[in-house]
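Geometric and topological summary
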Amino acid sequence: MADRGFDLEDRLETLEETDLKRALSPVDRVAERGYFGEPSGGDLPVLETAEALVFASNNYLGLTDDQRVQDAARQAAATVGTGAGASRLVTGDTMVHRDLERLLAEVKGTERALAFSSGYAANVGTIAALEPDVVFSDELNHASIIDGCRLADAETAVYDHCDAASLRSQLEERARTATRDGRDPADESWLIVTDSVFSMDGTVAPLEAICDAAESFGAWVMVDEAHATGLYANGGGVVQAEGLEDRVQIQMGTLSKALASQGGYVAGSAALIECLVNDARSFVFSTGLAPPAAAAASEALHVARHSGAREQLWENVAHLRDGLESMGFEVLGESQILPVLVGDRTDTIDLAEGIRERDVVAPAIRPPTVPEGTSRIRVAPMATHDEDDIITCLEAFSAAGEEVGLL
Ligand code: PMP
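Residues numbered from 1 in each chain as written. Predicted model: local features only at pLDDT ≥ 70, side-chain atom pairs only at ≥ 80, totals over all residues. Heavy atoms only, no water.

Examining empty space enclosed by the protein
Scanning the entire structure with this criterion turns up 1 cavity of 30 Å³ or more. Considered as a void within the structure, the largest cavity measures approximately 60 Å³ in volume. Lining the largest cavity are R88, A115, F116, S117, S282, F283, S286, T287, G288 and L289. Of all the secondary-structure elements, those providing two or more residues to the lining of the largest cavity are strand 4 (112-116) and helix 10 (281-284). For the lining of the largest cavity, the class distribution of residues is 4 nonpolar, 5 polar and 1 charged. (1 Å grid on protein atoms, 1.4 Å probe; cavity = no way out; pocket = protein on both sides within 12 Å on 5 of 7 lines; lining within 4 Å. Points joined across faces, edges and corners; volume = space filled by probe spheres on them. Helix = DSSP H or I, 4+ residues; strand = E, 2+ residues; numbered from the N terminus. Nonpolar A, V, L, I, M, F, W, Y, C, P; charged D, E, K, R; others polar.)

A closer look at the environment of R358
Relative to the helices and strands, R358 is located in the loop between helix 13 (345-357) and strand 13 (360-361). Residues R358 and A52, spaced 306 residues apart in sequence, show a C-alpha to C-alpha distance of 8.2 Å. For R358, the contacting residues outside a window of four places in its chain are A396, A399, A400 and E403. (Contact = heavy atoms within 4.5 Å.)

As for the environment of G268
Along the polypeptide, G268 turns up in strand 10 (residues 264-268). Judged by relative accessible area, which is 6%, G268 ranks as buried. Expressed as a C-alpha distance, the spacing of G268 and S375, which sit 107 residues apart in the sequence, is 37 Å. Those residues in contact with G268, other than ones at most four positions away along the chain, are T110, E111, R112, Q249 and I273. (Buried < 20%, exposed > 50% of the residue type's maximum accessible area, 1.4 Å probe, protein only.)

A look at the sheet that holds strand 11 (residues 330-331)
The strand order 11-12-15-14 describes an open sheet built from 4 strands, whose pairing is antiparallel. Among the strands making up the open sheet, the edge pair consists of strand 11 and strand 14 (364-365). Here strand 12 (residues 338-343) runs beside strand 15 (residues 375-379); their pairing, made up of 5 bridges, is antiparallel. Across the sheet, G343 pairs through a bridge with S375, a residue of strand 15. The sheet strands contacting helix 13 are strand 12, strand 14 and strand 15, and the helix crosses strand 15 at an angle near 30°. (Pairing = 2+ DSSP bridges. Axes fitted to C-alpha atoms, helices over the stretch in contact; angles between N-to-C directions.)

Description of the UniProt feature "domain: Aminotransferase class I/classII large" (unreviewed entry) in the protein
As annotated by UniProt and renumbered to match this structure, "domain: Aminotransferase class I/classII large" (unreviewed entry) occupies residues 53-396. Segment residues 53-396 splits into 44% helix and 16% strand. End C-alpha atoms: 11 Å apart. (UniProt positions renumbered as here; feature names shortened; annotations may be inferred.)

Concerning helix 4 (residues 119-130)
Note: α-helices contain 3.6 residues per turn, so residues at a spacing of three or four share the same orientation. With 12 residues, helix 4 ought to run about 16 Å at 1.5 Å a step, and its terminal C-alpha atoms sit 17 Å apart, in line with that. Among the 12 residues that make up helix 4, 10 are buried, leaving the element largely enclosed by the rest of the structure. Of the positions making up helix 4, those classed as buried are G119, A121, A122, N123, V124, G125, T126, I127, A128 and A129. Capping of helix 4 at its N-terminal end is provided by S118; its side-chain oxygen lies 3.3 Å from the backbone amide nitrogen of Y120. (Expected span 1.5 Å × (residues − 1). Polar contact = N/O pair within 3.5 Å; in protein donor to acceptor, adjacent residues only side chain to side chain.)

What about the site of the ligand?
The ligand sits among 14 residues. The nearest are G119, Y120, D224, H227 and T254. Residue K257 places a side-chain N or O atom 3.0 Å away from a nitrogen atom belonging to the ligand. If the ligand stood free it would expose 400 Å²; the protein chains cover 83% of that surface. Residue contributions to the shell around the ligand peak at 3 residues, all from helix 4. Among the residues forming the shell around the ligand, the class breakdown is 2 nonpolar, 9 polar and 3 charged. (Near = heavy atom within 4 Å. Areas by Shrake-Rupley, 256 points an atom, 1.4 Å probe, with all protein chains shown as cover.)

Describing the pattern of salt bridges
Per the stated rule, a full pass over the model turns up 23 salt bridges. For the salt bridge of D66 with R68, the shortest nitrogen-to-oxygen distance reads 2.8 Å. The class for R68 is partly exposed, based on a relative accessible area of 43%. Linking K108 and E225 is a salt bridge whose minimum nitrogen-to-oxygen distance equals 3.6 Å. Placement of K108 in helix 3 (residues 95-108) and of E225 in the loop between strand 8 (220-224) and helix 8 (238-241) is noted, with a sequence separation of 117 residues between them. In this pair, the class of K108 matches that of E225, namely buried. In this structure, a network of salt bridges that share partners links the residues E155, R174, R180, D181, R183 and E188. (Salt bridge = Lys/Arg side-chain N within 4 Å of Asp/Glu carboxyl O.)

A word on the sheet that holds strand 9 (residues 250-254)
Here we have 7 strands laid out as an open sheet, ordered 4-10-9-8-7-5-6, and mixed in their pairing. Pairing within the sheet leaves two strands with one partner each, and these edge strands are strand 4 and strand 6 (155-159). On average, adjacent strands in this sheet sit at an angle of 20° to one another, irrespective of strand direction.

Looking at helix 13
For helix 13, which comprises 13 residues, the first-to-last C-alpha distance of 18 Å matches the rise-based estimate of 18 Å (1.5 Å per residue) to within 8%. Among all positions of helix 13, only T348, L351, A352, G354 and I355 are buried. Each buried residue of helix 13 sits inside an arc of 160° when the element is viewed along its axis, so together they form one side. Residues of helix 13 that are buried in the fold lie against strand 12, strand 13, strand 14, strand 15 and helix 14 (387-404). For helix 13, the N-terminal cap is D344; the gap from its side-chain oxygen to the backbone nitrogen of T346 is 3.1 Å. One or two positions beyond helix 13, positive phi appears at D359, with a value near 65°. (Arc of directions from axis to C-beta.)

Okay, here's the thing in structure tokens:
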């Protein structure tokens, strides 16, 4: 009989041959500044034995190790349970979810917010539920936005990265073709979607100019604040920093980065949230966010708003950026993510290995994740790194950079 199955070995071989095969690498983090060491037991392969300083985490405020956040998760597990047990629309809705959503709406300056089981689910579910006719999307938007556009079966117009003029010309072009084809552009629903902070480039979207363009054409704006939530004004994102709450219809984000938990959210009008409760399939047909995750995110958001962790993070970012630049490295972006541009992919791997030998971990980012010739090391400081940690990181870059011949 013909084999109608799948040649998985062949697929894996191709990945191996093209140097694109990825593997999981379990680590056991043992201290709040991101040290990791030998896994403490079990069957996990031991991939790292020496302790190292991690400058590679999205746990930007270091709150996964915060006692208050851990206590909130523990307490929710003890009182509400470890899992929601069902979709929120069935029996999975708890006061822990409601508290989180109330707090998110307050921080984001919206009528309401809705928690999803991941940021990925929030993006895919929201874009698909809106069923936009056309989505205008930054060329470097996250995969979950791209997948949401696919699922929505929307026509997608991709504009140049962080380029409001390119967006405007795409909007004009689409208005022209609609009129030419005898359609009234006013009958179509248009959605502009952008990350606020881009994770591989550290760039920040020109949100005000994007809102200006959107308003000229009557389009809605959706902003993915995954890498910004908790880090900007009052514990919000770039939308809050720029005071654009009334001009951005959909604010989305994750609970899994600065908020030290798991899950995603959408914040917006009451009508938007009611529609998502009914139509976002990744919400309706998925078990509610685990209560300990919701409680941990609430507490982390509270800490992000009211402690000095944000200020400490931005101090560390400035120190590290200044140090790297004064050594002669080119550091991209304008956010807490510091991509150190190397260019050549082999040099980048050598530099990553060089800093690793000096007990500093930051990943080499290579094609296809970034364009050829723009390989880089993505350095992500945390609020919990202290002065000595930053100096260790800088010394590692200096020594490894000289060894590789980059300085
Ligand atoms: N959007 C962006 C910009 C992201 O970086 C990520 C996570 N890498 C997501 C969405 C998805 O969030 P989550 O990890 O919570 O699924």
